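Descriptive structure summary
Residue strings, one per chain:
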Amino acid sequence: MAPHVFFAVLAAALLHAGWNAVIKRAAGGPAPMLLLALVQGAIALPLLFIVPLPAAQAWPWVLAGGALHAGYKLMLAQAYAHADLSMAYPMARGTAPLIVMVVSALWLGASFGITELAAITAISAGVLLMALRGASAPLRGRALFYALATAGFTASYTLADGVGARLAGTASGFVLWMVLVDTVLMAAAAGLTCGRAAFRGLVRAWRTGVPAGAMSLGAYWIAVWAFTQAPLALVAALRESSILFATLIAAFVLREPVGPWRWVAAGLIAGGVVLTRL
């Protein structure tokens, strides 16, 4: 992975942890997540006129990516309704790189060296250790279900974004059209499940939704561009260094408890990040 790609993905990880912390801290029901999606769409819409259109073969992936991102947001909102950021976030993100690695090897023809495999494994193991042993009690019941469902959507949209962006011939065009699909589906889902009530809280949620939407779009844009520059599984694993940022935010901003296992897990993640540069 080239240095500029490496540092760009780390910046995306910081942005990703930031918008998740903003959404979790809001604790205001579905409005902040819906507003996040609407802000993304509002930013993307005018930019569509200055980026190239994706190639024809990429459009099924644009639609699939938009649907998967919407499902991810819906599951993530439920996970945060049932668990702390420092518990739900690692579980939701930790299994995704391993899924991406296996699928990339079996169906996309990707191959990995020993160092790359060690990096992906270390980051994923650290993230999962943080989720399972990093707090006073492991995730159970609905919290575990929604966190694992989020992980499934994370792996799925990572693969869809990576394949789609390469077929599109334009990472920016792919991202912006995919975000627009995501926005429409999120608005439709909110209208169907909550009716007008889903939109009444948008004005009150603007302090959360606007910065979260901007950070989210920036994080996804960088990540999808990185998928065209480096192996999908390696980028997916490096993105999960966001858990280091999320843990710091959880401990010092949200005041969630951080135990000794968290430091062991952080060491594994940090080691995996270093391995991606060897």
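Since this is a predicted model, take the numbers as computed values, not measurements. (Residues numbered from 1 in each chain as written. Predicted model: local features only at pLDDT ≥ 70, side-chain atom pairs only at ≥ 80, totals over all residues. Heavy atoms only, no water.)

Details of the side chain of Asp182
- Within the secondary structure layout, Asp182 lies in helix 8 (residues 171-194).
- Each residue touching Asp182, except ones within four places of it in the same chain, is listed here: Gln40, Gly66, His69, Ala70 and Lys73. (Helix = DSSP H or I, 4+ residues; strand = E, 2+ residues; numbered from the N terminus. Contact = heavy atoms within 4.5 Å.)

Considerations on the packing of helix 7 (residues 141-168) against helix 10 (residues 206-227)
- Where helix 7 meets helix 10, the closest approach of the two axes is 8 Å, and the angle between their N-to-C directions is 60°. Compared by their axis directions, helix 7 and helix 10 come out oblique. Crossing geometry of helix 7 relative to helix 10 is assigned as right-handed. In this structure, helix 7 contributes Tyr157, Thr158, Asp161, Gly162, Ala165 and Arg166 to the contact, and helix 10 contributes Tyr220, Val224 and Phe227. (Axes fitted to C-alpha atoms, helices over the stretch in contact; angles between N-to-C directions. Parallel < 35°, antiparallel > 145°, perpendicular 65-115°, else oblique. Left-handed = near helix turned anticlockwise from the far one by under 90°.)

Focus: a nonpolar patch on the surface
- Taken together, the side chains of Val102, Leu106, Trp107 and Leu108 make up a nonpolar region of the molecular surface, amounting to roughly 460 Å² of accessible area.
- Looking at the secondary structure, you find Trp107 in helix 5 (residues 96-107). (Patch = residues over 30% accessible without salt bridge, like charges linked within 9 Å, V, L, I, M, F, W, Y side chains within 5 Å. Areas by Shrake-Rupley, 256 points an atom, 1.4 Å probe, with all protein chains shown as cover. Salt bridge = Lys/Arg side-chain N within 4 Å of Asp/Glu carboxyl O.)

With respect to the packing of helix 2 (residues 31-47) against helix 3 (residues 59-82)
- Across the interface, helix 2 lies against helix 3 with an axial gap of 10 Å and an inter-helix angle of 150°. When the axes of helix 2 and helix 3 are compared, the pair comes out roughly antiparallel. Both helix 2 and helix 3 take part in a crossing whose hand is right-handed. Residues Met33, Leu36 and Gln40 of helix 2 form the contact with helix 3, whose participating residues are Lys73, Leu76 and Ala77.
- Looking at the contact of helix 2 with helix 3 residue by residue, the classes come out as four nonpolar, one polar and one charged. (Nonpolar A, V, L, I, M, F, W, Y, C, P; charged D, E, K, R; others polar.)

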